[in-house]
Amino acid sequence: MKTTSEIPFILFFCAVMIFIVSCSKSDDSIPLTVFSVSDDIGLGYQMDQEILDNPQEYPLLDSIQYVAAYAHLDQIRNAVLASGKLTYTNDFAWKFRIIRNDSVVNAFCTPGGYIYIYTGIIKALNNEAQFAGVLAHEMAHADCRHTSEQLTLVYGETLLLSLILGNNPSELAELVSAIALGLGNLAYSPSHEYEADSYAVKYLYPTQYDAASLGDFFTIMQEESPKPIFLSAHPSPEDRLTKINEAFASLGGVHGQLYFDTYQQFKKLIP
Ligand SMILES: [Zn+2]
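Thresholds applied
- Residues numbered from 1 in each chain as written.
- Predicted model: local features only at pLDDT ≥ 70, side-chain atom pairs only at ≥ 80, totals over all residues.
- Helix = DSSP H or I, 4+ residues; strand = E, 2+ residues; numbered from the N terminus.
- Buried ≥ 20, exposed ≤ 12 C-beta atoms within 10 Å, placed from the backbone.
- Contact = placed C-beta atoms within 7 Å.
- Pairing = 2+ DSSP bridges.
- Axes fitted to C-alpha atoms, helices over the stretch in contact; angles between N-to-C directions.
- Parallel < 35°, antiparallel > 145°, perpendicular 65-115°, else oblique.
- Left-handed = near helix turned anticlockwise from the far one by under 90°.
- Nonpolar A, V, L, I, M, F, W, Y, C, P; charged D, E, K, R; others polar.
- Core = buried A, V, L, I, M, F, W, Y, C linked by C-beta atoms within 7 Å.
- pLDDT = per-residue confidence, 0-100.

### Examining the overall build of the protein
Thinking step 1. Within the protein, the regular secondary structure consists of 12 helices and 3 strands.
Thinking step 2. Evaluated residue by residue, the protein yields a buried proportion of 39% over its 271 residues.
Thinking step 3. Within the protein, counting contacts between residues at least 6 apart in sequence, those at least 24 apart form 76% of the total.

Spelled out as structure tokens, the structure:
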């Protein structure tokens, strides 16, 4: 039982912890004003429905046919969520889907935690620590609300809110489809990219995965031609690698596992 004098200290401690755990607001971002966390969830659900309804553009691997591949993805997701470093662990969907297209080296997310991974990026990576780094990076964009921030910057909060409310569905259907189609190429600000990288390191550090491997991924991908979409954001891969290494060192710099063999087994589950 807590004494009365301890309570203000505990409240202060909790407030500090929430501040530390929550993503910082970047200088060059537009703050979300009326767009709430539940709006992130609503918009993410709508985008996901749009993606499920468009197999031409998004040929998803069937979750029943590829049950083992999805179970493996869920294991990685659960390890990241168990780090306790995300703000919306219990609020967002954290639903992973694989898109069958080997020519696209990319992954993307919606607000509210729906994550899409192209088979192209799965095949381009060497080990599971790198892959977990990429997934954690996308989870960070959703958890830090970068995606809703960027979408409201492009489309405006009022328009996105009217989408969620479902006003005038026929007029808005095309817009929902256009927004969903643009998600894979959504241009985050440099500070969003740095922040997603450094949060990915924070999420992975308490897990078994080597949290520095996201940096290896950038080194490998620089050799690829043409440059993967995942690298096309403004900050240079060299700068991102430097900041990833700084984030890793600031947490103690202890390397985790790469899980090379496990990852080769996972790749065999992917057509
Ligand atoms: Zn990113």
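### As for the sheet that holds strand 1 (residues 95-99)
Thinking step 1. Here we have 3 strands laid out as an open sheet, ordered 1-3-2, and mixed in their pairing. Of all the strands in the sheet, the pair left with one neighbour each is strand 1 and strand 2 (107-109). The average angle at which neighbouring strand axes cross in this sheet is 20°, direction not considered.

### A closer look at the pairing of strand 3 (residues 114-118)
Thinking step 1. With 5 of 5 residues buried, strand 3 is to be regarded as a mostly interior element.
Thinking step 2. By the alternation rule, side chains of strand 3 split into Tyr 114, Tyr 116 and Tyr 118 and Ile 115 and Ile 117, which are all buried.
Thinking step 3. Relative to strand 3, strand 1 is paired through 5 bridges, and the arrangement is parallel. Within strand 3, the residue paired with Ile 98 across the bridge is Ile 117.
Thinking step 4. What sits between the antiparallel neighbours strand 2 and strand 3 is a turn of 4 residues, in which Gly 112 has the positive phi angle 80°.

### A few points about the packing of helix 2 (residues 37-52) against helix 7 (residues 157-165)
Thinking step 1. Interaxial distance between helix 2 and helix 7 falls to 9 Å at its minimum, and their mutual angle equals 65°. Taken together, the axis directions place helix 2 and helix 7 in an arrangement best described as roughly perpendicular. Considering only the axes of helix 2 and helix 7, their crossing is left-handed. In contact with Asp 39, Gly 42, Leu 43 and Gln 46 of helix 2, helix 7 contributes Leu 160, Leu 161, Leu 163 and Ile 164.
Thinking step 2. Looking at the contact of helix 2 with helix 7 residue by residue, the class counts come to 5 nonpolar, 2 polar and 1 charged.

### Some words on the environment of Glu 57
Thinking step 1. Residue placement: Glu 57 occurs in the loop between helix 2 and helix 3 (67-81).
Thinking step 2. Put simply, Glu 57 and Asn 101 are 44 residues apart on the chain and 9.8 Å apart in space, counted from C-alpha to C-alpha.

### Focus on the nonpolar core
Thinking step 1. In this structure, Ile 117 and Leu 204 are the most contacted members of the largest nonpolar core, which totals 64 residues.
Thinking step 2. Looking at this core, the element that brings in the most residues is helix 5 (residues 128-143), giving 9 residues.
Thinking step 3. Aside from chain neighbours lying at most four places away, what touches Ile 117 is Phe 96, Ile 98, Ile 99, Ala 107 and Ile 122.

### Description of the environment of Gly 112
Thinking step 1. Structurally, the position occupied by Gly 112 is in the loop between strand 2 and strand 3.
Thinking step 2. The class for Gly 112 is buried, based on 27 C-beta atoms found within 10 Å.
Thinking step 3. Put simply, Gly 112 and Trp 94 are 18 residues apart on the chain and 7.6 Å apart in space, counted from C-alpha to C-alpha.
Thinking step 4. Apart from residues lying up to four places away in sequence, Gly 112 is in contact with Asp 40, Ile 41, Leu 43, Gly 44, Tyr 45, Phe 92, Ala 93 and Ala 142.

### Remarks on unusual backbone geometry
Thinking step 1. Phi angles above zero are rare outside glycine, and Trp 94 is one such case at about 45°.
Thinking step 2. Mapped onto the elements, Trp 94 comes out in the loop between helix 3 and strand 1.

### Focus: the packing of helix 5 against helix 9 (residues 190-204)
Thinking step 1. Between helix 5 and helix 9, whose axes approach to 8 Å, the crossing angle comes to 120°. Considering the angle they form, helix 5 stands oblique to helix 9. For the element pair helix 5 and helix 9, the recorded crossing hand is right-handed. Along its contact with helix 5, which presents Ala 132, Gly 133, Ala 136, His 137, Met 139, Ala 140 and His 141, the element helix 9 presents His 192, Ala 196, Asp 197, Tyr 199, Ala 200, Tyr 203 and Leu 204.

### Some remarks on the confidence of the model for the protein
Thinking step 1. Averaged over all residues, the pLDDT of the protein is 86; the fraction at 70 or higher stands at 85%.
Thinking step 2. Here residues 1-21 scores under 50 on pLDDT; set against residues more than four positions off or in separate chains, the count is 4 contacts.

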